[in-house]
Amino acid sequence: MRALHHVGSPLLRALPRAPLTAGAANWTFKRFAFAGRPEKVEQNLYQARTSLMPPARTRFAPSPTGYLHLGSLRTALFNYLLAKTTGGQFLLRLEDTDQTRIVSDAEQRLYEDMKWAGLKWDEGPDIGGKFGPYKQSERLPIYRQHVQELLDQGKAYRCFCSPERLDEVKKLAMAAGAEMPGYDGHCSHISVPESERRAASGEAHCVRFKTHGHGNFEPLFNDLVYGFYKPMPGSVDDFIIMKRDGFPTYHFANVVDDHLMEITHVIRGAEWLVSTPRHVGLYNAFGWQPPTFGHVGLLTDPQKQKLSKRHGDIDIASYRNKGYLSEALLNYVVLLGWSAGQGTKGTSEVMNIEQMIEKFHLRFTRGDICVSNKLDFLNSKHRDKLLVQSPKYLQAQVVPPISLAIRTLEQKRAGLPQLPEEVPDHSMATTFDQLVPAMTPSCSDGPGLINHNEAYIGKAFELDQRNYVNAASFVQRNRYLFWTVPSKVYQQTLSEGMREFDHLFIRTSETTPEQGHIDAPRSAVEITTAFADALRDIPADESSWTVKRLQEVLNPLMKSIVGLRSIIDDSKSSTETREKPWGFSIVRWFLFALQPGPALIPSMVVLGKTETMARIQKAIDSVASDPSTEKSATAEHV
Ligand code: GLU
C-alpha cells in the first residue's frame, strides 16, 4: 500500500465526469461513494441510487490454500449482497493456480462453510454456469491463449533469467537502497525470433508483462473506498503473468477471468489494493473495461494487530463449533466496516440476510477495522428471533456444538488430546477452570457424565434456551444437567446456602401450608428425605414422571419449608424472628448444588426419576457423612 499515492476526494470533485460504463445512475452512485461521508440528504439520495444500479455480477474468488475465515467471509458477503441488492449474480471461483500451496480439504470445506453461512452462489465450480469452468486449474488453455495474444502484440515477453540471477538482481538492488526491488528488464531486449527459438528448444522461461514503454499502463484507478490512486513511480515492474510451470500468476488469471466472466464489481480486502494498478494495466493492454473496485479495510484485533491465522483470525467452522448461529456471524461480519446508515446502532443493527440485502449500499469505512465484541450480543438477538420463527432449526444448530463442548471438557478432564474438530479456545479453558472443583478428576466421587446424547441435549437446551449465548457458556451454566454433583460440592453449597438461617422448619396445616403452624426444627437431611418420600411412589415412566404430577406433589411441600433466623434487637432487648421460604432452594440444592439455572420441576423431568432420586440420596449421604456442614436440629431444640 506504501507504493500507492492517494489522490483523494478534493481532486475527485474537480474531475470531469468519466465516460458512463453502466448507466448514469451507476456513475452518480459512484460519485457519492467516492466523495466520502455524504450529508444526511445526500445519504438518502445515495441509498435511493443503489436501487437504480443495473444488476451487478460479483464473485468471491478464494484460493484453496486455507479455510474460510472472518475476513474472507466478509468479502464474500459484501459481494453477495451487492449482487442480490441489484438483482445480479454472485459467482464462486476457485483460484488454485498456486498448486504447491493447496490444502487438500479446503475446497470441500469452502462449500460447506459457505452453505452453512447461507451464501448461495449462482455459478461456481460445483454447479457450473455459462462462463465455466470456475476452477482456474481447468482454464489453462484460456490463459495460454491470452498470454499468446500479449506476446503477439509485443505487450509481453519471455524471460529466461534463472532464479539465481533474479536473486542476485534483487540483492544488488536492495543493497543500492531500493525498497521494492523489481525486475531489471534484462530479457525485454531479446528479439522475438531469438525468444521463439529458445522457447521452442525447451529452455525454461516465464512470461512477463511489459509494464512500461508502449502506452498500455494506465496507473490511475478509482476505488470505491479509497478514491483515486496511482502507484509510486517505478513501483510496478515487468511482472510475471505466466510462471515457468505454465500456470498463470494470480494477477493474470484474475484479470482474464473477471473479464470473461463479465464481473462488474470487485470488492476485496485492502491487501489487494497494491496489486490493482497491475490489474488495470492488463485490462488496458487487452483493451478491456476494468470492473469497479472497492477495497475494504483490513481487520485488526483491539491491539491494532492485523488479523491473521496466527493473530486471532479464527476459521468459520470454529465459530459454528462454538455454537454461534450463522445468522449472527453474518450479522457480525457485515458490521465490520459497513453500517446500514446513521442512527442504526444497537438493536437496529440486528439484521438477517434479507434485511442486509434490503439495506445494502457501497459506503464502506476507510482504513483498518478493529473487530468488535458484539458476537455474543448478536447471537442472543438471533436466538430470540429464531425461538419465535423456527425453534426446531435453532435447536438443530446448537445441539451439536453443545455436544462438542461437553466432549471437549471430558477430553480435557481426562487429560486426553483435543478432539480433531476442536479448535483451541480460550473461553473453553476458562469454563473448564470455573467448573473446578466439580470437574477435576481428583474429586473422588465425580462428577460423572450423566447423558449427552443429542436427544437429551435437545431437551436440556429447551429448559434454558432463553439464556443460550454460546455452547461453552451454556454448558458452564447448566453443568449439572450434564454431570452429577460431587459430594464435596453438596457439602460446600449447603453450608453456603444455610448461612442465613439458624433453623429449617416444615409448616404443617390441614388447610394451606402458609397458615399452618411451625413444629420442631428439621435438619436439611430430614427435609431432603421428605422430598424423597414424596417422590418415591411416582412411577418413573414418561407418562407418570411429568411436570404436572411433580407439581402436584412438590409444590405444597416446597411452599411449606421455611428458614428461620433469630435477630436480637439490643435497643429493645427483644428477639425478632425473621422467616424466609427455603423450599425452592433446597430443591435447587439437591438437584444443582444451588447453581442458578432452569426451572426445577421441568429439570427433574428431563433428568428423569432415576437421576433425580440418585441426586437426593447423594445429597443426603454427603451431608450425613460430614455433619459439620449441617445445621441440624440439636438436642436442645427438640
Ligand atoms: N485469490 C485471491 C484471494 O485468495 C482473490 C483476490 C481477489 O479477490 O481478487 O484472496
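Not measured: the values here are computed from a predicted model.

Draft legend 1. Inspection of the overall build of the protein chain at higher detail. From N to C terminus, the protein chain includes 25 helices and 16 strands. For the protein chain, buried positions account for 51% of its 638 residues. Of the contacts made within the protein chain by residues no fewer than 6 positions apart, 75% connect residues no fewer than 24 positions apart.

Draft legend 2. Up close: the side chain of Ser326. The topology assignment puts Ser326 in helix α12 (residues 326-334). The class for Ser326 is buried, based on a relative accessible area of 4%. When near neighbours in sequence (up to four residues on either side) are disregarded, Ser326 contacts Trp116, Ala117 and Tyr393.

Draft legend 3. Quick peek at the state of the cysteines. The final tally for this structure, using the stated rule, is zero disulfides. For the unlinked cysteine Cys161, the closest cysteine sulfur is that of Cys187, found at 3.6 Å. The class of Cys161 is buried, set by a relative accessible area of 5%. According to the relative accessible area criterion, Cys187 is buried, its value standing at 3%.

Draft legend 4. Fine view of the site of the ligand. Around the ligand, the neighbouring residues are Arg59, Ala61, Pro62, Ser63, Glu95, Tyr250, Asn254, Arg268 and Trp272. Contact distances for the ligand include 2.6 Å between an oxygen atom and a side-chain N or O atom of Arg59. Counting atoms within 2 Å of the grid points, the majority share of the ligand lands in the largest pocket. The residue inventory of the shell around the ligand, partitioned by class, reads four nonpolar, two polar and three charged.

Draft legend 5. Summary view of unusual backbone geometry. Put simply, Gly132 and Pro133 share a cis peptide bond, and its omega is -5 degrees. The phi dihedral of Glu262 falls on the positive side, at around 60 degrees, and the residue is not glycine. Inspection of the secondary structure puts Glu262 in the loop between α9 (250-260) and β9 (265-269). The exposure class of Glu262 is partly exposed, given its relative accessible area of 46%. One non-glycine residue, Leu594, lies in positive phi territory at about 65 degrees.

Draft legend 6. Quick peek at the side chain of Asp464. Considering the arrangement of structural elements, one finds Asp464 in helix α17 (residues 454-464). In contact with Asp464, not counting residues within four places along its chain, are Phe474, Arg477, Asn478 and Pro598.

Draft legend 7. Molecular detail of the packing of α17 against helix α24 (residues 600-607). For the pair α17 and α24, the least separation of the axes is 10 Å and the interaxial angle reads 180 degrees. Relative to α24, the element α17 is oriented roughly antiparallel. Along the contact surface, α17 presents Tyr456, Lys459, Ala460 and Leu463, while α24 presents Pro602, Ser603, Val606 and Leu607. Residues of the contact of α17 with α24, tallied by class, amount to six nonpolar, one polar and one charged.

Draft legend 8. Seen up close, the sheet that holds strand β4 (residues 156-159). Sheet architecture is open: three strands sit in the order β4-β5-β8, paired in antiparallel fashion. Two strands bound the open sheet, and with one partner strand each, they are β4 and β8 (240-242). When strand polarity is set aside, the average angle formed by the axes of neighbouring strands in this sheet is 45 degrees. Of the strand pairs in this sheet, β4 and strand β5 (residues 206-209) are connected by four bridges, and their pairing is antiparallel. For Arg158, the partnering residue across the bridge sits in β5 and is Val207.

Draft legend 9. The layout of surface pockets, seen in detail. Taken as a whole, the largest pocket encloses approximately 1,300 Å³ of empty space. Every residue lining the largest pocket is counted, 43 residues in all, and those nearest its centre are Ser63, Thr65, His69, Glu271 and Trp272. Where the lining of the largest pocket is concerned, the elements lending two or more residues are β2 (57-60), α4 (70-85), α5 (106-117), α9 and β9. It is α4 that contributes the most residues to the lining of the largest pocket, four residues altogether. Class assignment of the residues belonging to the lining of the largest pocket gives a composition of 17 nonpolar, 14 polar and twelve charged.

Draft legend 10. Broad picture of the packing of α4 against α12. The geometry of α4 relative to α12 is characterised by a closest axis approach of 9 Å and an angle of 85 degrees between their N-to-C directions. By the angle between their directions, the pair α4 and α12 is classed as roughly perpendicular. Touching Leu70, Leu73, Arg74, Leu77, Phe78 and Leu81 of α4 are Leu329, Leu330, Tyr332, Val333 and Val334, all from α12. Of the residues belonging to the contact of α4 with α12, the class tally is ten nonpolar, no polar and one charged.

Draft legend 11. Summary view of the packing of aromatic side chains. Taken as a whole and judged by the stated rule, the model has 19 aromatic pairs. Relative to Phe90, the ring of Tyr80 has its centre 5.5 Å away and its plane inclined at 85 degrees; by these criteria the two rings are edge-to-face. Residue Tyr80 is located in helix α4, and its partner Phe90 is located in strand β3 (residues 89-92); the two are separated by ten residues in the primary sequence. Of the residues examined, Phe90 reaches a relative accessible area of 0% and is grouped as buried. Each ring, one from Phe209 and one from Phe239, has its centre 5.3 Å from the other, and the planes form 45 degrees; the classification is tilted. With Phe209 in strand β5 and Phe239 in the loop between β7 (227-231) and β8, this residue pair connects regions lying 30 residues apart in the sequence.

Cut-off values and rules
- Position numbers for residues start from 1 in each chain and track the written sequence from start to end.
- It should be noted that, the model being predicted, local features are given only for residues of pLDDT at least 70 and side-chain atom pairs only at 80 or more, the latter also being counted only at that level, while totals for whole chains, interfaces and linings use all residues.
- For the side-chain quantities, the full set of heavy atoms in the structure was used; hydrogens and water were omitted.
- Only DSSP runs of H or I with at least four residues qualify as helices, and only runs of E with at least two residues qualify as strands; both kinds are numbered from the N terminus onward.
- The buried label goes to any residue with under 20% of its type's maximum accessible area, the exposed label to any with over 50%, and the partly exposed label to all in between, with areas taken from a 1.4 Å probe on protein chains only.
- Contacts were defined at the residue level, with two residues in contact if any of their heavy atoms lie within 4.5 Å.
- Here, a disulfide means two cysteine sulfur atoms that sit within 2.5 Å of each other.
- The rule for a residue being near a molecule or strand is that one of its heavy atoms must lie within 4 Å of it.
- Any pair of N or O atoms that falls within 3.5 Å is considered a polar contact. Within protein, one atom must be able to donate a hydrogen and the other to accept it, and sequence-neighbouring residues count only if both atoms are side-chain atoms.
- Points on a 1 Å grid over protein atoms alone make up a cavity when a 1.4 Å probe fits among them but cannot get out, and a pocket when they form an open set with protein on both sides within 12 Å along at least five of seven lines; lining residues each have an atom within 4 Å of a point.
- Assignment of a molecule to a cavity or pocket requires that more than half of its atoms lie within 2 Å of the corresponding grid points.
- The classification used treats Ala, Val, Leu, Ile, Met, Phe, Trp, Tyr, Cys and Pro as nonpolar, Asp, Glu, Lys and Arg as charged, and all other residues, Gly among them, as polar.
- Interaxial angles span 0 to 180 degrees and are taken between N-to-C directions of axes, which are lines fitted to C-alpha atoms, for helices over the stretch in contact.
- These descriptions rest on fixed angle ranges, namely under 35 degrees for roughly parallel, over 145 for roughly antiparallel, 65 to 115 for roughly perpendicular, and the rest for oblique.
- Two strands pair under a simple rule: DSSP has to find at least two bridges between them.
- Grid points are joined across faces, edges and corners, and a volume is the space filled by probe spheres set on the points.
- What counts as a ring pair is set by centres within 6.5 Å for rings of Phe, Tyr and Trp (its six-membered ring), and what kind of pair is set by the plane angle: stacked under 30 degrees, edge-to-face over 60, tilted for all other angles.

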